[in-house]
Amino acid sequence: MFISCCSLSIPELNFTPSLINHNSQVLIHQNRSKFTALSNKVQSFGQRDAMQLGSSSKPRIRNCMIQSFEHVNTLPFSDYKFSRMKLFKPRYEKSSLFSGDSLKSSNFNGSTLRSEDLGCGESERNRDFALMAKTVMSVDNLVEIGGNEGMSRGADDYDAIVIGSGIGGLVAATQLAVKGARVLVLEKYVIPGGSSGYYERDGYTFDVGSSVMFGFSDKGNLNLITQALAAVGCEMEVIPDPTTVHFHLPNDLSVRVHREYSDFVAELTSKFPHEKEGVLAFYGECWKIFNALNSLELKSLEEPIYLFGQFFKRPLECLTLAYYLPQNAGNIARKYIKDPQLLSFIDAECFIVSTINALQTPMINASMVLCDRHFGGINYPVGGVGGIAKSLAKGLADKGSEILYKANVTKVILEQGKAVGVRLSDGREFYAKTIISNATRWDTFGKLLKGEQLPKEEENFQKLYVKAPSFLSIHMGVKAEVLPPDTDCHHFVLEDDWNRLEEPYGSIFLSIPTVLDSSLAPEGHHILHIFTICSIEDWEGLAQKDYDAKKELVADEIINRLENKLFPGLKQSIAFREV
């Protein structure tokens with residue numbers, strides 16, 4: 001999957017005790033606040049002590065106020081799924097952290113970093129810390145904080161510690177730093193970015209994960225990447241993608257999703273002329289929802305207090321969202337469309353958003369992506385997706401905070417049920433008023449808090465949870481002549497049978513970012529990044545030799561399919577391959 005969106009959070013609110021799992025879930029202390037994450041978008045779900053997050057942080061004090069900390073995240077072809085978030089509480093009595101102006105920020109659902117000037121401003125900050133922020137933040141010259149004991153308790157405590165430097169964690173950190181907080185980001189790898197990172201091999205720069213990037217436009221309320229970067233004084237050059245995705249589907253159905261909405265509708269209705277009214281009606285409802293979303297600061301869609309306040313400003317838009325909130329895209333499509341193949345195409349549209357069909361995809365989620373690709377458009381960052389994390393990391397340093405690489409957090413330290421610090425694999429400990437986890441909920445609860453009693457909400461979630469599919473990823477460098485001159489950047493391939501859409505290895509996602517940015521590959525070559533869904537159970541328990549052999553076998557089959565469907569001679573053109 002290769003579409004990526006950014007996300008945001010909610011307004012100023014007060015906190016209860018706090019460990020925030022920024023990726024999916026946070027622990028709650030005494031039912032004070034509940035949060036929901038849409039994809040990785042943190043939003044208030046309902047609260048007693050109001051609270052604000054996005055990437056949030058709160059001091060460990062009672063009566064702490066935090067305003068407007070947004071957060072951005074990227075996923076392959078968007079993983080817009082709901083998950084709960086909870087918070088542990090601050091520890092000291094009275095302290096507040098105020099934001100200035102609130103930032104409005106919005107895979108489909110991942111690195112040697114370059115040294116180009118990212119256009120970020122710099123700021124100085126005095127402190128007694130052993131290493132200055134800019135030294136620790138250097139990606140090209142990795143520096144570690146020395147000493148076995150880490151930071152001592154007391155004056156050197158941070159306002160917040162963020163576990164993981166994925167996009168969500170970096171935006172949480174930078175938003176706090178912008179508001180004056182002292183933040184430490186701990187990253188176990190040697191570069192930032194997580195699933196939005198990159199790596200270099202043999203002259204190629206590969207995106208680890210997402211490459212269809214939403215949120216890079218210069219208009220509306222959903223351009224969340226642009227706004228997150230601007231908050232730390234950074235700006236990235238982007239390349240507009242004229243075609244979001246080119247579908248290659250059963251019965252030789254070929255549909256390009258053009259950047260211009262009118263061009264897309266014209267192409268789709270030319271394939272299904274008898275369904276023109278249905279196409280216009282279905283996508284028209286998507287636009288109604290999108291316009292309602294885009295008229296609001298994208299914060300909470302579920303939290304009653306927030307919606308109540310917005311209702312008086314924009315009652316029609318709020319009523320629109322409330323009406324569509326429980327509905328799925330499949331049922332809406334079936335109100336207007338009867339052709340089975342066109343309904344299957346709508347399933348494929350939703351599948352690249354959520355890896356599930358239209359009947360299981362919330363209408364609001366589908367509408368956001370199916371319309372923003374035309375409103376703000378898909379824009380690829382020059383130099384690759386990894387530049388987003390590098391820009392945010394530099395912005396963090398310029399605001400006087402730090403990031404520590406090769407820092408593997410193995411435990412969240414609790415005192416009287418409250419998160420107060422973290423312990424690394426080498427024994428060092430660091431303490432802060434707030435601990436934010438950008439790790440997955442599984443790592444947060446299953447490893448970092450192993451042995452601790454799960455919150456009731458997490459127990460309930462694990463009972464209801466249905467696993468999303470895993471992905472097999474193939475990175476290749478190929479000779480440029482194997483691709484036709486008019487090749488699009490992104491493709492979705494399902495050759496023969498609609499029933500295989502959701503089956504392991506049934507469909508293929510393909511990204512060719514060098515169609516937009518040729519600097520990512522050696523001259524005369526292109527990058528192909530291929531995904532296909534699979535089940536992790538198929539790979540568990542294999543000996544290393546069998547595991548490696550199976551990877552190559554599956555990759556051979558996938559490449560053969562692409563050769564037969566799109567690019568004759570593909571296998572002979574391969575100059576680099578990694579599975």
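Residues numbered from 1 in each chain as written. Predicted model: local features only at pLDDT ≥ 70, side-chain atom pairs only at ≥ 80, totals over all residues. Heavy atoms only, no water.

Taking an unreviewed UniProt entry as the reference, the chain is identified by name as prolycopene isomerase belonging to Citrus sinensis. For the chain, the Catalytic activity (unreviewed entry) comment in UniProt is given as "7,7',9,9'-tetra-cis-lycopene = all-trans-lycopene". In its Subcellular location (unreviewed entry) section, UniProt records this for the chain: "Plastid, Chloroplast membrane". (UniProt positions renumbered as here; feature names shortened; annotations may be inferred.)

Asks: Help me out: how do you make sense of the pairing of strand 11 (residues 183-186) in this one?
Replies: Strand residues, when the strand is regular, have side chains that alternate between the two faces of the sheet. Of the two faces of strand 11, the one carrying Val183 and Val185 and the one carrying Leu184 and Leu186 are both buried. Of the strand pairs in this sheet, strand 10 (residues 158-163) and strand 11 are connected by 4 bridges, and their pairing is parallel. Along strand 11, the bridge assignment pairs Val162 with Val185. The parallel pair strand 10 and strand 11, bridged by helix 2 (residues 167-178), forms a crossover whose chirality is right-handed. For strand 11 and strand 19 (residues 402-404), the ladder comprises 3 bridges, and the chain directions are parallel. Counted as the bridge partner of Leu186 is Leu404 from strand 19. (Buried < 20%, exposed > 50% of the residue type's maximum accessible area, 1.4 Å probe, protein only. Helix = DSSP H or I, 4+ residues; strand = E, 2+ residues; numbered from the N terminus. Pairing = 2+ DSSP bridges. Right-handed = clockwise from strand over helix to strand, strands pointing away.)

Asks: What should I look at first to understand the nonpolar core in this one?
Replies: In a soluble, globular protein the nonpolar side chains are often hidden away together inside. Within the largest apolar cluster, 49 residues are counted, with the highest numbers of intra-cluster contacts made by Phe247, Leu268, Phe282, Tyr283, Phe345 and Phe492. Residue contributions to this core reach at least three from each of two domains, namely domain 2 (260-376) and domain 3 (470-578). With residues up to four places along the chain from it excluded, the contact list for Phe282 reads Ala329, Ile332, Ala333, Tyr336, Ile337, Ile346, Met363 and Leu370. Of all hydrophobic cores here, the second largest spans 40 residues; its members include Val183, Ala389, Leu520 and Phe576. (Core = buried A, V, L, I, M, F, W, Y, C linked by side-chain atoms within 4.5 Å. Domains from an automatic or database assignment. Contact = heavy atoms within 4.5 Å.)

Asks: Hey, could you run me through the packing of aromatic side chains in this one?
Replies: Geometry of an aromatic ring pair is reported as the spacing of the ring centres plus the angle between the planes. Throughout the structure, instances matching the rule amount to 19 aromatic pairs. An aromatic cluster is present here, built from Phe247, Phe345, Phe351, Phe471, Phe492, Phe509 and Phe531 joined pairwise through their rings. Cation over ring: Lys219 sits above Phe375, and NZ or CZ is 4.7 Å from the ring centre. Looking at Lys550, its charged tip hangs above the ring of Trp539, at a distance of 4.8 Å from the centre. (Phe/Tyr/Trp six-rings, centres within 6.5 Å; stacked < 30°, edge-to-face > 60°. Lys NZ or Arg CZ within 6 Å of the ring centre and 35° of its normal.)

Asks: Would you take a moment to explain unusual backbone geometry for this structure?
Replies: With glycine set apart, most residues show a phi of negative sign, and most peptide bonds adopt trans. If you check the backbone angles, Asn251 has positive phi at about 65 degrees while not being a glycine. Its place among the elements puts Asn251 in the loop between strand 16 (243-249) and strand 17 (253-258). Of note, the phi angle at Thr355 is positive, near 60 degrees, even though the residue is not glycine. With respect to the secondary-structure elements, Thr355 resides in the loop between helix 9 (340-354) and helix 10 (363-375).

Asks: Would you mind going over helix 11 (residues 386-398) with me for this structure?
Replies: An α-helical turn contains 3.6 residues, so any two residues separated by three or four positions project in the same direction. Given a rise of 1.5 Å per residue, 13 residues ought to cover 18 Å, and the 19 Å separating the end C-alpha atoms of helix 11 matches this to within 8%. Just downstream of helix 11 lies Gly400, where phi reads positive at about 90 degrees. (Expected span 1.5 Å × (residues − 1).)

Asks: Help me understand the pattern of salt bridges, please; the structure alone is not making it clear to me.
Replies: A side chain of one charge can pair with a side chain of the opposite charge if their charged atoms are brought near each other. Taken as a whole and assessed by the stated rule, the structure comprises 17 salt bridges. Of the charged contacts, one joins Glu578 and Arg201 as a salt bridge, the two residues approaching to 3.8 Å between their closest N and O atoms. Remark: Arg201 occurs in strand 12 (residues 198-201) and Glu578 occurs in strand 27 (residues 574-578); sequence separation between them is 377 residues. On the basis of relative accessible area, Arg201 is assigned to the partly exposed category, the value being 35%. (Salt bridge = Lys/Arg side-chain N within 4 Å of Asp/Glu carboxyl O.)

Asks: Where do I start with the packing of helix 5 (residues 276-294) against helix 10 in this structure?
Replies: For any two helices packed against each other, the geometry is given by the interaxial angle and the distance between the axes. For the pair helix 5 and helix 10, interaxial distance at closest approach is 8 Å and the crossing angle is 90 degrees. On the basis of the axis angle, helix 5 is roughly perpendicular to helix 10. Along the contact surface, helix 5 presents Phe282, Tyr283, Glu285, Cys286, Trp287, Ile289, Phe290, Leu293 and Asn294, while helix 10 presents Met363, Ile364, Ser367, Met368, Leu370, Cys371, Asp372, Arg373, His374 and Phe375. In terms of residue class, the contact of helix 5 with helix 10 is made up of 13 nonpolar, 3 polar and 3 charged. (Axes fitted to C-alpha atoms, helices over the stretch in contact; angles between N-to-C directions. Parallel < 35°, antiparallel > 145°, perpendicular 65-115°, else oblique. Nonpolar A, V, L, I, M, F, W, Y, C, P; charged D, E, K, R; others polar.)

Asks: What exactly am I supposed to notice about the environment of His246 here?
Replies: Looking at the secondary structure, you find His246 in strand 16. In this structure His246 comes out as buried when scored by relative accessible area, which is 6%. C-alpha of His246 to C-alpha of Arg256: the two residues are 10 residues apart in sequence and 4.4 Å apart in space. A polar contact is formed between the side chain of His246 and the side chain of Ser254, at a distance of 2.7 Å. (Polar contact = N/O pair within 3.5 Å; in protein donor to acceptor, adjacent residues only side chain to side chain.)

Asks: For this particular structure, what's the right way to read the environment of Asp556?
Replies: Here Asp556 lies in helix 14 (residues 544-565). The sequence separation of Asp556 and Lys571 amounts to 15 residues, and the corresponding C-alpha distance is 8.8 Å.

Asks: Looking at this structure, I do not really get the sheet that holds strand 24 (residues 490-493). What am I missing?
Replies: Strand pairs in the sheet, formed through backbone hydrogen bonds, run parallel or antiparallel to each other. Ordered by their spatial adjacency, 7 strands build an open sheet running 17-16-24-25-26-23-27, and the pairing between neighbours is mixed. Of all the strands in the sheet, the pair left with one neighbour each is strand 17 and strand 27. Across the sheet, the mean angle from the axis of one strand to that of its neighbour is 20 degrees, orientation sign disregarded. Sheet topology note: the strand 16/strand 24 ladder contains 3 bridges and is parallel. Counterpart to Phe247 in the pairing with strand 24 is Phe492. Where helix 9 meets the sheet, it contacts strand 16, strand 17, strand 24, strand 25 (508-511) and strand 26 (525-534), and its direction lies at approximately 130 degrees from that of strand 16.

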